[in-house]
Amino acid sequence: MNVQEYLQRARELLARGQPELAESALSDAIDAAVAAQDIVLLTRARFALGELLFQQGRDDEALPYLQAVVRTERVDGSVDTEVKSSAKMLRQLRGTEPR
């Protein structure tokens with residue numbers, strides 16, 4: 001499967017109430033994005049996994065993924081949404097913004 005297929009599979013698994021399998025699909029998406037050397041898809045996959053962990057209250061596990069997303073800079077703005085959302089979650093984790 002390619003990165004997009006893993007991301008789609010994760011969304012489907014979440015919709016079916018299977019977050020453990022969705023987490024696995026997102027890890028596979030990250031691996032596939034690294035193999036493809038695609039920074040945009042890597043950022044989206046990291047964001048999706050960080051967001052899932054954040055929503056589950058697994059803050060320590062979410063932190064490195066969210067931090068990696070925030071450190072990603074693209075001039076074309078292709079990951080601006082993910083970067084802004086990750087920054088907000090990080091502020092919430094630090095307690096500087098309400099959850």
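Residues numbered from 1 in each chain as written. Predicted model: local features only at pLDDT ≥ 70, side-chain atom pairs only at ≥ 80, totals over all residues. Heavy atoms only, no water.

## Details of the nonpolar core
Here's step 1: Judged by nonpolar contacts, the single largest core of 29 residues is most densely connected at V3, L7, L26 and A29.
Here's step 2: Among the elements of the structure, α1 (3–15), α2 (19–36), α3 (39–55), α4 (59–70) and α5 (80–94) are those that each provide at least two residues to this core.
Here's step 3: Per element, the largest residue contribution to this core is 10 residues, and it comes from α3.
Here's step 4: Filtering out sequence-adjacent residues up to four positions away, L26 remains in contact with L7, A10, A48, L49 and L52. (Core = buried A, V, L, I, M, F, W, Y, C linked by side-chain atoms within 4.5 Å. Buried < 20%, exposed > 50% of the residue type's maximum accessible area, 1.4 Å probe, protein only. Helix = DSSP H or I, 4+ residues; strand = E, 2+ residues; numbered from the N terminus. Contact = heavy atoms within 4.5 Å.)

## Here we look at the packing of α2 against α3
Here's step 1: With their axes 8 Å apart at the nearest point, α2 and α3 run at an angle of 155 degrees to one another. Relative to α3, the element α2 is oriented roughly antiparallel. Handedness of the crossing formed by α2 with α3: left-handed. Contact with α2, carried on its side by P19, A22, E23, L26, S27, A29, I30, A33 and V34, involves L41, L42, A45, R46, A48, L49, L52 and L53 of α3 and no other residues of that element. (Axes fitted to C-alpha atoms, helices over the stretch in contact; angles between N-to-C directions. Parallel < 35°, antiparallel > 145°, perpendicular 65-115°, else oblique. Left-handed = near helix turned anticlockwise from the far one by under 90°.)

## Looking at the environment of R11
Here's step 1: Mapping R11 onto the fold places it in helix α1.
Here's step 2: C-alpha separation for the pair R11 and P98, spaced 87 residues apart in sequence, amounts to 26 Å.

## What about the layout of surface pockets?
Rolled over the atoms, a probe as big as a water molecule pinpoints where empty space is left.
Here's step 1: Taken as a whole, the largest pocket encloses approximately 230 Å³ of empty space.
Here's step 2: Taken together, 13 residues line the largest pocket, and the ones lying closest to its centre are L7, R11, L26, A48 and E51.
Here's step 3: Contributing elements (two or more residues each) for the lining of the largest pocket: α1 and α3.
Here's step 4: For the lining of the largest pocket, the element with the most residues is α3, which contributes six residues.
Here's step 5: Among the residues making up the lining of the largest pocket, the classes are represented as seven nonpolar, two polar and four charged. (1 Å grid on protein atoms, 1.4 Å probe; cavity = no way out; pocket = protein on both sides within 12 Å on 5 of 7 lines; lining within 4 Å. Points joined across faces, edges and corners; volume = space filled by probe spheres on them. Nonpolar A, V, L, I, M, F, W, Y, C, P; charged D, E, K, R; others polar.)

## With respect to unusual backbone geometry
Here's step 1: Within the chain, Q37 stands out as a residue other than glycine whose phi angle is a positive 55 degrees.
Here's step 2: As for its placement among the helices and strands, Q37 is situated in the loop between α2 and α3.
Here's step 3: Q37 gets classed as exposed once you look at its relative accessible area, which sits at 74%.

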